[in-house]
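# Residue-level structural notes
Here is what each chain is made of, one letter per residue.
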Amino acid sequence: MLQFLIRRLTGAAVIMFLIGAFTFFLFYAVPQDFAALSCGKNCSPENLAVIRENLGLDKPISAQFWEFMRGIVAGRDFAVGHCSAPCLGVSFDSGDFVWDSIVDRFPLTLSLTVGGLVIFLLFGLGTGMLAAWKRGSMIDKAVTGVSVVISSFQIYLLGPIILGLFVYSTGWMENPSYEPFTEDPAGWFIGMLLPWVVMATIFTAQYTRMARSTMIEQLQEEHVRTARAKGMSQRYVFFRYAWRGSLIPIVTIIGMDLSALLSGAVVTEFTFDLAGLGRLAVDSSLSKDLPLTMGVMLFGAFFILLLNIVVDIAYAYIDPRVRLS
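The structure reproduced in this document is the subject of the present report. (Residues numbered from 1 in each chain as written. Predicted model: local features only at pLDDT ≥ 70, side-chain atom pairs only at ≥ 80, totals over all residues. Heavy atoms only, no water.)

Turning to the nonpolar core, a few remarks are in order. With 69 residues, the main nonpolar core has Ile102, Phe120, Leu194, Met199, Tyr207 and Ile250 as its most contacted residues. Considering every element that reaches this core, the biggest residue donor is helix α8 (residues 185-219), with 15 residues. Each residue touching Ile250, except ones within four places of it in the same chain, is listed here: Leu125, Tyr207, Met210, Ala211 and Thr214. (Core = buried A, V, L, I, M, F, W, Y, C linked by side-chain atoms within 4.5 Å. Buried < 20%, exposed > 50% of the residue type's maximum accessible area, 1.4 Å probe, protein only. Helix = DSSP H or I, 4+ residues; strand = E, 2+ residues; numbered from the N terminus. Contact = heavy atoms within 4.5 Å.)

See the structure below:
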């Protein structure tokens, strides 16, 4: 296990370096004056020269790349102060450190992701297992039919409907907002409930169909048929053998979905006017705030690599046939 982790972490570090290099040269190699973007309109030549020097744009592109990569590991000094590691630069728009902006927005995205994940896993996997257990019955047909209908919805369509029904028309709930869990747990739960439900509804349909199909496939495996032939009960075989074997493809998809959501649930955040990482990425792109855009991209890439390693480790615990080597 230790050798596997060392090898995977080393590979992840190399990939992060390549992603950082590609992102840097993709943005900074284009013929555009970033000092002018940072300075804004009605910028005097004197201020433009100062900004270009403070951002290091007066140096060769290779020196700028070295400063950028070194800042991620060891920090970096700017005119606005010292940027501690991991330093991803200074925002052109706000003048704040990029890492501070990401850390400020990340708790909302994390809350949105974790809450939605718990709901759609409970309902999605639960209904999928029920449909597989009652295969061919009316329950199976009802669950399958509802999941197909729900999967045709999109967050940007379902979100306004839920808002109109529970917030604007009836007033049963307040407009979604974010309160830190450590400050107000009840306000955190109530403020995030509608975004959780909407996001989880879309994913629940996907996981219902996936859990049903993988469970039915596992029930046809030889080791499951052997367990039945030995006289084991249907319930024991279902949960002890089939359910565990069906988790491999489900865990794979969970890792992919979770990494994407942690990188920024863009549509959900825009639908409910929540200021998370997704909103930050879009706003920085629209305002051409390149350091902030690069920072969010690298942050998202980091989580994708991290969760891929976690998924690989989970394989070995779920299925004894999988060995980490």
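In this structure the tally under the stated criterion is four salt bridges. Of the charged contacts, one joins Asp140 and Arg212 as a salt bridge, the two residues approaching to 2.7 Å between their closest N and O atoms. Pair noted here: Asp140 is in helix α6 (residues 138-151) and Arg212 is in helix α8, with a separation of 72 residues, a long-range link. When the shortest N-O distance is used, the salt bridge between Asp283 and Arg279 registers 3.7 Å. Within this pair, Asp283 and its partner Arg279 are both found in helix α12 (residues 277-286), separated by four residues, close to a single helical turn. (Salt bridge = Lys/Arg side-chain N within 4 Å of Asp/Glu carboxyl O.)

Right, let's get into unusual backbone geometry. The general pattern is negative phi for most residues beyond glycine and trans for most peptide bonds. Cis geometry marks the peptide bond from Ala85 to Pro86; its omega dihedral reads -5°. Along the chain, Pro86 falls in the loop between β2 (81-83) and α5 (98-133). For Asp273, which is not glycine, the phi dihedral falls at a positive 55°. Looking at the element boundaries, Asp273 is found in the loop between α11 (266-271) and α12.

Considering all chains together, one arrives at 16 aromatic pairs under this definition. Seen in terms of ring centroids, Phe189 and Trp196 are 5.7 Å apart; in terms of plane orientation they differ by 65°. Their pairing is edge-to-face. Aromatic ring contacts, followed pair by pair, group Phe17, Phe24, Phe25, Phe65 and Phe68 into a single cluster. The lysine or arginine in question, Arg279, covers the ring of Phe270, its NZ or CZ lying 4.5 Å from the ring centre. (Phe/Tyr/Trp six-rings, centres within 6.5 Å; stacked < 30°, edge-to-face > 60°. Lys NZ or Arg CZ within 6 Å of the ring centre and 35° of its normal.)

Quick look at the side chain of Thr204 now. For Thr204, the position within the fold is in helix α8. A distance of 2.5 Å separates the side chain of Thr204 from the backbone oxygen of Ala200, its partner in a polar contact. With near-sequence residues (within four places) excluded, Thr204 lies in contact with Phe120, Phe123 and Gly124. (Polar contact = N/O pair within 3.5 Å; in protein donor to acceptor, adjacent residues only side chain to side chain.)

Next up on the list: the state of the cysteines. Tallied over the entire structure, the rule returns one disulfide. Covalent S-S linkage joins Cys83 and Cys87, the inter-sulfur distance amounting to 2.3 Å. On the sign convention where negative is left-handed, the bridge of Cys83 and Cys87, at about 115° about the S-S bond, is right-handed. (Disulfide = S-S within 2.5 Å.)

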